[in-house]
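Secondary and tertiary structure notes
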Amino acid sequence: MSASLLSQFRVLVAPGLHNSGKEHWQSRWQRLYSSFERVEQDDWERPDLLRWSARLDQVRRADRRPTLIVAHSFGSLATAHSVAADPSLVAGVLLVAPADPDKFGVAALLPQRPLPCPAIMIGSRDDPWMTAERAALWAARWGSDFIDGGALGHINAESGLGDWLDGQRQLQLLAQRARQVGNVVQFA
């Protein structure tokens, strides 16, 4: 991945339920790219859309650089909620294996229109947390590109992805799109 392109952005990592362990691709990316920042939640065991979204808002406001958000599972839902309410400073979002909002009773709290920034969603054909078909529906609702990642489970440490090069390529494409639509210049 081109570090120079990513250096134009602040990159926030938004994990899901239980946080992302040492071998999760999000954690591995943070080791590869030391500038990536994790959004820490007060309670990783109890996903709360409004609290998790508010924490993301708080972290976003602490820095004025254009931001890319790399979210996984419930972190994807918190990201969509946060960005829809206040898109300032967000240049793009990568939503990976989002959890099904109906499993958490939060579908009505999520945006029902396109997100106000470039978005890429990656789903898995055998994700136990949300079917690829439902993920594609949410992606369409949010105006996000949908990438069928194949049979990768929940796209987590158990998926055995290592540094997940395909995901890194999608983040690179997102950064390029964000730059092309002027989100970097807009916040400079």
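Sequence order sets the numbering: in each chain, residues are counted from 1 along the sequence as written. At least 70 in pLDDT is required for a residue's local features to be given in this predicted model, at least 80 for side-chain atom pairs to be given and counted, and no such filter applies to totals for whole chains, interfaces and linings, which use all residues. Here the side-chain values reflect all heavy atoms present in the structure, with hydrogen atoms and water set aside.

1. Some remarks on helix H7 (residues 165-180)
- Strands are runs of DSSP state E lasting at least two residues, helices are runs of H or I lasting at least four, and both sets are numbered from the N terminus onward. Every helix has an expected span of 1.5 Å times one less than the residues it contains. Over its 16 residues, H7 extends 23 Å from the first C-alpha to the last, a length consistent with the 22 Å expected when each residue adds 1.5 Å.
- Here the term buried applies to any residue with accessible area under 20% of the maximum for its type, exposed to any over 50%, and partly exposed to those in between, with areas from a 1.4 Å probe on protein chains only. The set of residues buried in H7 consists of Gly-167, Gln-168, Gln-170, Leu-171, Gln-172, Leu-174, Ala-175 and Ala-178.

2. Some points on the pattern of salt bridges
- Salt bridge criterion: a side-chain nitrogen from Lys or Arg within 4 Å of a carboxyl oxygen from Asp or Glu. One pass over the full model with this rule turns up 15 salt bridges.
- One salt bridge in this structure joins Arg-28 and Asp-163, with 2.8 Å as the shortest N-O distance. Within this pair, whereas Arg-28 is found in helix H2 (residues 25-32), its partner Asp-163 is found in the loop between strand S6 (145-148) and H7, the two being separated by 135 residues in sequence.
- Residue Asp-166 pairs with Arg-169 through a salt bridge whose shortest N-O separation is 2.3 Å. Residue Asp-166 and its partner Arg-169 are located together in helix H7, separated by 3 residues, close to a single helical turn.
- Using a relative accessible area of 48% as the deciding quantity, one classes Arg-169 as partly exposed.
- Salt bridges sharing partners connect three or more residues here, namely Arg-10, Glu-37, Asp-63 and Arg-65.

3. Section: the pairing of strand S5 (residues 119-123)
- Taken across its 5 residues, S5 has 5 buried, putting it largely inside the fold.
- Covered by surrounding structure in S5 are Ala-119, Met-121 and Gly-123 together with Ile-120 and Ile-122, the residues of both alternating faces.
- With 4 bridges joining them, strand S4 (residues 90-96) and S5 adopt parallel strand pairing. Residue Val-93 lies in a different strand from S5, and its bridge partner there is Ala-119.
- Strands were regarded as paired on the criterion that DSSP finds at least two bridges between them. Sheet topology places S5 next to S6; 4 bridges connect them, and they run parallel. In the strand pairing of S6, Ile-122 is matched with Ile-147.
- Tracing the backbone out of S5, into helix H6 (residues 132-141) and back to the parallel element S6 gives a crossover that is right-handed. When the strands point away from the viewer, a crossover counts as right-handed if the route from the first strand across the helix to the second turns clockwise.

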